[in-house]
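Descriptive analysis of the structure
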Amino acid sequence: MMTFVKSKTWPNQKWRWLLPILLVSLFVTTLIWLPLQAQKMETNERQEQLIADTLWVEQAIQFQFLRNDDLLRQIGAEIGTKKLVPLAALDRFNSILKSNHEIQRIDLFANNNAIITSTSGYPLPNTDNLFPKRAHISAGNSIPPANIDQKTRCMQPLLDQNKKNTYLLSCQIPLVSDRQYAGSIIVTYYLSGILEEMVPWWFAQDNEISLIDLDEKVYAKRAAGGSSKNVYTHNRPLDLPNVTLILRTNSNKSEPKLLSNLLVLSVILLSFGLIWSLLALWRDINRRLAAEDALRQQVAFRTAMENSLITGLRARDMEGRLTYVNPAFCKMVEHPAEDIVGRLPPMPYWAPEAFEEYRHRFTQLLAGTVPSEGFETIYQRASGERFPVLIYESRLVDENGVQTGWMSSILDISELKRAQELTRQQQEMLHASARLATMGEIASILAHELNQPLAAISSYTTGAINLLQSSQENNQDNPQTNSTTPDQTPLQSLLLSALEKANAQAQRAGHIIHSVHDFVKKRESSREPVSIAALLQSVMPLVELQAQASYVNIQYTIAEPLPMVQADRILLEQVILNLTRNAIEAMEHSPPERSILRIVARTEHGNDKQDVSTTDVTNHVTSHSTNHSTNHVTPGHYIAVEVIDQGHGISAEVAAQLFSPFFSTKPSGMGMGLKICRTAIEFHGGVLSHHDNPAGGTIFRFLLPI
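About the criteria used
- Residues numbered from 1 in each chain as written.
- Predicted model: local features only at pLDDT ≥ 70, side-chain atom pairs only at ≥ 80, totals over all residues.
- Heavy atoms only, no water.
- Helix = DSSP H or I, 4+ residues; strand = E, 2+ residues; numbered from the N terminus.
- Buried < 20%, exposed > 50% of the residue type's maximum accessible area, 1.4 Å probe, protein only.
- Contact = heavy atoms within 4.5 Å.
- Salt bridge = Lys/Arg side-chain N within 4 Å of Asp/Glu carboxyl O.
- Core = buried A, V, L, I, M, F, W, Y, C linked by side-chain atoms within 4.5 Å.
- Axes fitted to C-alpha atoms, helices over the stretch in contact; angles between N-to-C directions.
- Parallel < 35°, antiparallel > 145°, perpendicular 65-115°, else oblique.
- Left-handed = near helix turned anticlockwise from the far one by under 90°.
- Nonpolar A, V, L, I, M, F, W, Y, C, P; charged D, E, K, R; others polar.
- Arc of directions from axis to C-beta.
- Disulfide = S-S within 2.5 Å.
- Pairing = 2+ DSSP bridges.
- Phe/Tyr/Trp six-rings, centres within 6.5 Å; stacked < 30°, edge-to-face > 60°.
- Lys NZ or Arg CZ within 6 Å of the ring centre and 35° of its normal.
- Polar contact = N/O pair within 3.5 Å; in protein donor to acceptor, adjacent residues only side chain to side chain.
- Expected span 1.5 Å × (residues − 1).
- Bend = angle between axes of the 7 residues up to and from the residue.
- Patch = residues over 30% accessible without salt bridge, like charges linked within 9 Å, V, L, I, M, F, W, Y side chains within 5 Å.
- Areas by Shrake-Rupley, 256 points an atom, 1.4 Å probe, with all protein chains shown as cover.

**Observations concerning the overall build of the protein chain**
Secondary structure summary: the protein chain contains 17 helices and 22 strands in total. The proportion of buried residues among the 706 residues of the protein chain is 36%. Taking all contacts inside the protein chain whose residues are at least 6 apart in sequence as the whole, residues at least 24 apart take part in 63%.

Structural data, given as structure tokens:
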């Protein structure tokens, strides 16, 4: 195994040393490359800046030319419309010369090329050869304005006869009036003035600017910042009519220099010193690599083992500070490790109601008292949910046997508690079911045993009634006997009335016992045509029996006639008894005027406005009719039975779980009554619902398809 580890770690060690060497070499190469790259980038940046500045200067010159052209055309238009006489035009020309020093002179010519006025005292040279294409246009010729060339035209620069080494640029602006050629204005520029007036001073300080032609003949030059270095240059053509001039810029900045060679040499020497230092550490690091690899494998194995556990692990130091938790514990309490590691009590997963218990156990732990067995407590998740846990504590010792803290194993026993609670509930339900079965057997025995004496009482009272009635008839037939015993007839009437009442009560008690016997005896569920009116009348004695004990009055209304429903009579009787018993119990503490139980039965159709949606009813009815085709159910037509009380009502919290199994608000209730009722009604394709009674209390309502 050790041989395998060495064969694997040696190449890794070799590459670990080669990597720093390569990095240092790359560092030295970068130090040499960076100055060269910086020089190149600075050169490109300066060249790009020069191009951008030259473009800006060229645009400024073009803008000034266009501005002068527009101004002179406006003056020419005023002359053509007679709004401006030549003398006034001369004043306007002189005003332009004062504000634009790059202009040498302005001349106004007639349509026959004869000069009208001029800002200069000497004639414009070479006027005959200036624009030969204009000479054929004579005065009075009417030419469509579209055929007249109205563009400004410039001629090649000419040397100024009055100034040495000064070139002039003349441009002609044609004038048109009333669809006829009316003359022209010729403006003459100093090329040197263009550079002096139109180029900003800051640009001239850093660059040598000149105007040249295609043959690189220099017409004007400006070098305010000294001679250029011919390192950064750029040529930009000036867009002038019929003339090709180039604006050349030549920067007076020199080429950027490299960093000091001494600095680069020093960095290289330092890099080599670093490599030597790394080589000197080779022996010590080489000895540690094998131990690190072995330790890494052990740590990886232990980490994988701890991360795969479903048991939460927690380590604390001697002060109780949390030093380690595994992922299972973090998942259990829903807190990330970085939020709880390093914290002292109280912990965020402690439930507030158990703080005292936690503090007591923590104090015992700091005192060195470690429980030998696990103990149960409650923790709290980050969401606020409480859950039970089983904790085992043990001492945490280091390699020297010295205790450094405590180690805890935590088990989430929520599922175990749920299973125990479910088992307990099932046992309670079995006991309750056994009690119910026993009660049913006792009720059946009582019904059987009481039927015979009640039948005998009924027979005896019937016989006594018959004897009294026969005696009264004989007395009526024998007046003499009747006259001898005047008090016998009133006594017989009283006895007859008492016996009739006793007979009625005996028959009523027998009917009740018969109903109880039918209700509790075992039987198979069956479907048959049932009259809701007859069913209510048959079960009413049992309802009245429950109501009398709580002093509740019963009122029931049955709409006539009610159609038959295909149903199990006993199941419906059980539903009515459960609903009426709940209603009676809800009114136990109500005043007498409110202790009224109302039972209403009527026929409803799909267009009736009820608390239950007709769509829901139709869906239930249609579904049931599909599964039990023998019912012949018609969606939208059904019988509604309402049990209305004026008791304490049902809160929203209770209503949300009202039909849940095993949910009850009664101390001795099983929580299955309403669930059984809903199941029985849905078995018949109906719907059981409830809503608040506007007069106080609750209305339970079930629908049965006709």
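**Side note on the pattern of salt bridges**
What the rule picks out here adds up to 21 salt bridges. Salt-bridge contacts for Arg 92 lead to Glu 78; the nearest nitrogen and oxygen are separated by 3.2 Å. Taken together, the positions of Arg 92 in helix H2 (residues 86–99) and Glu 78 in helix H1 (residues 2–80) put the pair 14 residues apart, joining distant regions of the chain. Between Glu 319 and Arg 321 there is a salt bridge whose closest N-O contact spans 3.2 Å. With a relative accessible area of 52%, Glu 319 lands in the exposed category. One continuous salt-bridge network, built from bridges that share partners, spans Arg 602, Glu 604, Glu 642 and Arg 701.

**A look at the nonpolar core**
The biggest cluster of nonpolar side chains holds 41 residues, and the ones touching the most others in it are Ile 106, Leu 169 and Leu 191. Considering each element in turn, this core owes the most residues, seven residues, to H1. Apart from residues lying up to four places away in sequence, Leu 169 is in contact with Phe 65, Cys 154, Met 155, Pro 157, Val 187, Thr 188, Tyr 189, Leu 191, Leu 240, Val 243 and Leu 245. Of all hydrophobic cores here, the second largest spans 39 residues; its members include Ala 547, Val 565, Leu 577 and Phe 659.

**Some remarks on the packing of helix H13 (residues 532–549) against helix H14 (residues 569–586)**
With their axes 10 Å apart at the nearest point, H13 and H14 run at an angle of 40 degrees to one another. When the axes of H13 and H14 are compared, the pair comes out oblique. As H13 runs across H14, the sense of the crossing is right-handed. Every residue of H14 that contacts H13 at Ile 532, Leu 535, Leu 536, Ser 538, Val 539, Leu 542, Val 543, Gln 546 and Ala 547 is listed here: Arg 569, Leu 572, Glu 573, Ile 576, Leu 577, Thr 580, Arg 581 and Ile 584. Within the contact of H13 with H14, the residues separate by chemical class into eleven nonpolar, three polar and three charged.

**As for helix H17 (residues 673–683)**
Inspection of H17 places Leu 674, Cys 677, Ala 680 and Ile 681 among the buried residues, and these make up the whole buried set. Buried residues of H17, seen end-on, are gathered within an arc of 120 degrees and therefore sit on one face of the element. Lining the buried residues of H17 we find H14, strand S21 (687–692) and strand S22 (698–705). Directly after H17, the chain includes Gly 685, whose backbone phi takes a positive value near 80 degrees.

**With respect to the state of the cysteines**
Counted under the stated rule, the structure contains one disulfide. Each disulfide pairs two cysteine sulfurs, and for Cys 154 the partner residue is Cys 171, the sulfurs being separated by 2.0 Å. Judged by the sign of its S-S torsion, about 100 degrees, the cystine formed by Cys 154 and Cys 171 is right-handed. With Cys 154 in strand S3 (residues 153–154) and Cys 171 in strand S5 (residues 167–177), the pair connects residues that are 17 residues apart, well separated along the chain. Judged by its relative accessible area of 5%, Cys 154 falls in the buried class. The buried category is assigned to Cys 171, whose relative accessible area is 4%.

**Section: the sheet that holds strand S10 (residues 243–251)**
With respect to topology, four strands assemble into an open sheet ordered S8-S7-S10-S9, the strand pairing being antiparallel. Strands at the two margins of the open sheet, each flanked by one partner only, are strand S8 (218–222) and strand S9 (233–240). Along the sheet, successive strands turn relative to each other by an average axial angle of 20 degrees, direction set aside. Note that strand S7 (residues 207–212) and S10 share six bridges and pair antiparallel. By the bridge assignment for S10, Glu 208 is matched with Asn 250.

**What to know about the sheet that holds strand S19 (residues 596–605)**
Across the sheet, five strands lie side by side as S17-S19-S20-S22-S21; this open sheet has mixed pairing. A strand with exactly one partner marks an edge of an open sheet, and here the two such strands are strand S17 (553–558) and S21. Going from strand to strand, the sheet's axes swing by 15 degrees on average, the running direction of each strand aside. Where S21 and S22 come together, six bridges link them in antiparallel fashion. Paired with His 690 across the two strands is Phe 700, which belongs to S22. Of the strands in this sheet, S17, S19, strand S20 (637–644) and S22 are in contact with H13, which crosses S17 at around 175 degrees. Those strands touched by H14 are S19, S20, S21 and S22, and its axis lies near 170 degrees from that of S22.

**Focus: the packing of aromatic side chains**
Summed over all chains, the structure comprises ten aromatic pairs. When the centroid spacing of 5.9 Å and the interplanar angle of 80 degrees are considered together, the rings of Trp 350 and Phe 355 count as edge-to-face. Of the residues examined, Trp 350 reaches a relative accessible area of 8% and is grouped as buried. Site record: aromatic cluster; members linked through ring pairs are Phe 329, Tyr 349, Trp 350, Phe 355, Tyr 358, Tyr 379 and Phe 387. Over the aromatic face of Phe 375 sits the side chain of Arg 361, whose NZ or CZ is 3.8 Å from the ring centroid.

**Observations concerning the side chain of Asn 326**
Among the secondary structure elements, Asn 326 is positioned in the loop between strand S12 (322–325) and helix H7 (327–333). For Asn 326, a relative accessible area of 0% gives the class buried. Within the structure, the side chain of Asn 326 is placed 2.8 Å from the backbone nitrogen of Leu 313, a separation counted as a polar contact. Once you skip the residues sitting within four places of it in the chain, Asn 326 turns out to touch Glu 306, Leu 309, Thr 311, Gly 312 and Leu 313.

**Section: helix H6 (residues 282–307)**
Along its 26 residues, H6 runs 36 Å from first to last C-alpha, staying within 8% of the 38 Å computed at 1.5 Å per residue. At Leu 289, H6 shows its maximal bend, which comes to roughly 25 degrees.

**What about the packing of H14 against H17?**
The interhelical angle for the contact between H14 and H17, taken along N-to-C directions, is 145 degrees, at an axis separation of 9 Å. H14 and H17 meet at a crossing whose hand is left-handed. Together, Leu 571, Leu 572, Gln 574, Val 575, Asn 578, Leu 579 and Asn 582 of H14 and Gly 673, Leu 674, Ile 676, Cys 677, Ala 680, Ile 681 and Phe 683 of H17 make up the contact between the two elements. Split by residue class, the contact of H14 with H17 holds ten nonpolar, four polar and no charged.

**Some words on a nonpolar patch on the surface**
On the surface, Trp 56, Trp 201 and Trp 202 cluster together into a nonpolar patch covering about 420 Å² of accessible area. Relative to the assigned elements, Trp 201 resides in helix H4 (residues 201–206). The class of Trp 201 is exposed, set by a relative accessible area of 63%.

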